Amino acid sequence: MSETYETSAGIVVDTAHKGAGGEIPGEFPFTRGIHPTMYRSKLWTMRQYAGFGTAAETNQRFHELLEAGQTGLSVAFDLPTQMGHDSDSPLSVGEVGRVGVAIDSVEDMSTLFRDIPLDQVSTSMTINATAAVLLAMYVVVAEENCVSRKELRGTIQNDILKEYIARGTYIFPVEPSLRLVTDTLGFIAENDLKFNPISVSGYHIREAGATAAQEVAFTFANAIEYMNRSRSAGLDVDKVARRTSFFFAAHSDLFEEVAKFRAARRLWAKIMRERFQASDESCRLRFHTQTAGSTLTAQQPLNNVVRVAIQALSAALGGTQSLHTNAYDEALALPSASSARLALRTQQILACETGVTGTADPVAGSYYIEKLTDELENAVRELLEEIENQGGSAACIQRGYFQDAIASSAYRQQQELERGTRTVVGVNKFEQDDTLEDVRVPDYSALASQQVARLTALRKSRDGGRCQESLESLIAGAQGEERMMPLIIEAVRARATVGEICDTLRGVWGKYTAP
């Protein structure tokens, strides 16, 4: 790999020059990137988020995206799946397949990945309260297709703490939920899988109204909680940390976002070394980025193409490891095939035509960037100290600390929008009547009927006795201190559904009630 890069004008530059303080890419504290050559040797993974209706329809979209050049899959699940309800539950009425794909059983999971080589494609699953169940289904689909566990690559979000803070798709109380998270961390580490068992998410915290500093601070507070729980459970923190990834938002304040990513990388490295005596390899902050859904506007929706491109640029300049770019029509409906393809092309143009990938850290040495990086790190440290003084993340959730802070920030931003001190083009400035025509809305009632029919057929065809035995074993495990993942995997093999497994655990652990 050459150590120089030649621009289109023939100018030759050093690709890994020293930055502020003499820092070099790929070296602790990794401000300038976690690899010495960054995108010169390996591009970020282009991982478009997709999932709607039935498993068969989503499988078709996956194939379209892979054929268009996508390099990783990212699955969106519908609300019943996220909340641990089967599609035929009264609580699922009107929600089946609406914001993601409906997955009730391992049979649905098998359909979702039909004709997709699981040993060659990495898969990210945005799932939290039911993450252990969906991971178990993925493992069982692999084994039933003769794919070894050790060949699986991907990530489950599995960040339940941020659900209590910002998103709301929680099921169980905090402590049993943390037990499930820790158990999946142990399952991945002990089986030496190339799978990230957690993606600690600031994205939803930011989307709920947090500032850039709050996004990083609250995310790191949750990550510290997971590391502490792992250590208490006897897990090797180094092993857990190497398989821990993060998920951040990319908003439109270009330079602040670039600095945010650099500050986060540097601060996480210091936290892992100082608090957990982690090796340098375990100090590397690896993160996925998604452009900001909350900035997409229904007014003049084509403007969103520009917003997404700028936000994607901030992620690339900030050193992301994978990226999702939103489609311009997502404020109105599910992305069309053409808008999803354009979102992917945005990444491909950024990677192949702009020169952003020519050097490891193109922005290093800029006074503005370095100043913002320092100031954001200091702001995040102050917030973390405040959280620590209140007993850490789990304690702050019970008190409503995070929820209050985000609500205050969101309220302030809304006031600025309404007063006109914050400009959103096409919404409170440069307005005009410009909407999309022919917005496709699926027939969700038909999708729900199809899904319920498949679920009914599954229950009739499976071995009912074996399924019931597996659920009884799950009860005994939940009442004791047994590792839950092997029990959940066996229930999945026996064709127990997401709802049946979660109802079984609800019967032992109860449900969480927000403060």
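Residues numbered from 1 in each chain as written. Predicted model: local features only at pLDDT ≥ 70, side-chain atom pairs only at ≥ 80, totals over all residues. Heavy atoms only, no water.

Draft legend 1. Representation of the overall build of the protein chain within the structure. Helix and strand counts for the protein chain stand at 19 helices and 12 strands. On C-alpha atoms alone, the protein chain measures out to a radius of gyration of 23 Å, which is about the 24 Å that the 2.2 N^0.38 rule sets for 515 residues. Once the C-alpha set of the protein chain is aligned to its principal axes, its extents read approximately 70 × 55 × 50 Å. Per-residue burial over the protein chain gives 56% buried out of 515 residues. Relative to all contacts within the protein chain whose residues are 6 or more apart in sequence, the contacts with residues 24 or more apart total 77%. When the accessible surface of the protein chain is totalled, it reaches about 20,800 Å², and 49% of it is carbon and sulfur. Looking at the protein chain, you have 51 positive and 66 negative side-chain charges, and the mean spots of the two groups are 3 Å apart. (Helix = DSSP H or I, 4+ residues; strand = E, 2+ residues; numbered from the N terminus. Rg over C-alpha atoms; globule rule 2.2 N^0.38 Å. Buried < 20%, exposed > 50% of the residue type's maximum accessible area, 1.4 Å probe, protein only. Contact = heavy atoms within 4.5 Å. Areas by Shrake-Rupley, 256 points an atom, 1.4 Å probe, with all protein chains shown as cover. Lys, Arg positive; Asp, Glu negative; His and termini not counted. Charge placed at Lys NZ, Arg CZ, Asp CG, Glu CD.)

Draft legend 2. Just the environment of D192, in detail. By the secondary structure assignment, D192 is in the loop between α6 (174-190) and β8 (194-196). On a C-alpha basis, the gap between D192 and Q120 in space is 17 Å, while along the polypeptide they are 72 residues apart.

Draft legend 3. Fine view of the sheet that holds strand β3 (residues 45-46). Read across the sheet, five strands follow the order β3-β12-β11-β10-β9 without closing on themselves; strand pairing throughout is parallel. A single partner strand is all that each edge strand has here, and the edge strands are β3 and β9 (198-201). In the sheet, strand β11 (residues 287-291) pairs with strand β12 (residues 322-324) via three bridges, with the strands oriented parallel. Each bridged residue has a counterpart across the sheet, and for T289 the counterpart in β12 is L323. (Pairing = 2+ DSSP bridges.)

Draft legend 4. Seen up close, helix α5 (residues 160-167). Summarising burial for α5: six of the eight residues are buried, a large majority. Inspection of α5 places I160, L161, K162, E163, Y164 and I165 among the buried residues, and these make up the whole buried set.

Draft legend 5. Here's a closer look at the packing of aromatic side chains. Within this structure, the stated rule accounts for 21 aromatic pairs. For the pair F220 and F246, a centre-to-centre distance of 5.7 Å together with 80° between the ring planes defines the contact as edge-to-face. Residue F220 is found in helix α8 (residues 212-232), and its partner F246 is found in strand β10 (residues 244-250); the two are separated by 26 residues along the sequence. The burial state of F220 is the same as that of F246; both residues are buried. Three or more aromatic residues joined by ring pairs make a cluster, and in this case those are F220, F246, F248, F261, W268 and F287. Between R273 and the ring centre of F28, over which it is positioned, the NZ or CZ distance is 3.5 Å. (Phe/Tyr/Trp six-rings, centres within 6.5 Å; stacked < 30°, edge-to-face > 60°. Lys NZ or Arg CZ within 6 Å of the ring centre and 35° of its normal.)

Draft legend 6. Examining the pattern of salt bridges more closely. Throughout the structure, instances matching the rule amount to 33 salt bridges. Where R262 meets E370, a salt bridge forms, and the shortest distance between an N and an O atom there is 3.2 Å. With R262 in helix α10 (residues 254-276) and E370 in helix α13 (residues 367-389), this residue pair connects regions lying 108 residues apart in the sequence. The class of R262 is buried, set by a relative accessible area of 1%. A salt bridge links E375 to K371; the nearest nitrogen and oxygen atoms lie 3.2 Å apart. Taken as a pair, E375 and K371 lie in helix α13 at a separation of four residues, close to a single helical turn. For E375, a relative accessible area of 40% puts it in the partly exposed group. The partly exposed category is assigned to K371, whose relative accessible area is 38%. Residues joined by salt bridges that share partners form a network here, namely D86, D88, R459, R462 and E500. (Salt bridge = Lys/Arg side-chain N within 4 Å of Asp/Glu carboxyl O.)

Draft legend 7. Structural detail: the nonpolar core. Formed by 138 residues in total, the largest nonpolar core has its most connected members in F113, F220 and W268. Non-local contacts of F220, meaning those with residues more than four positions away in its chain, are made with F246, F248, A264, L267, W268, I271, L285 and L384. (Core = buried A, V, L, I, M, F, W, Y, C linked by side-chain atoms within 4.5 Å.)

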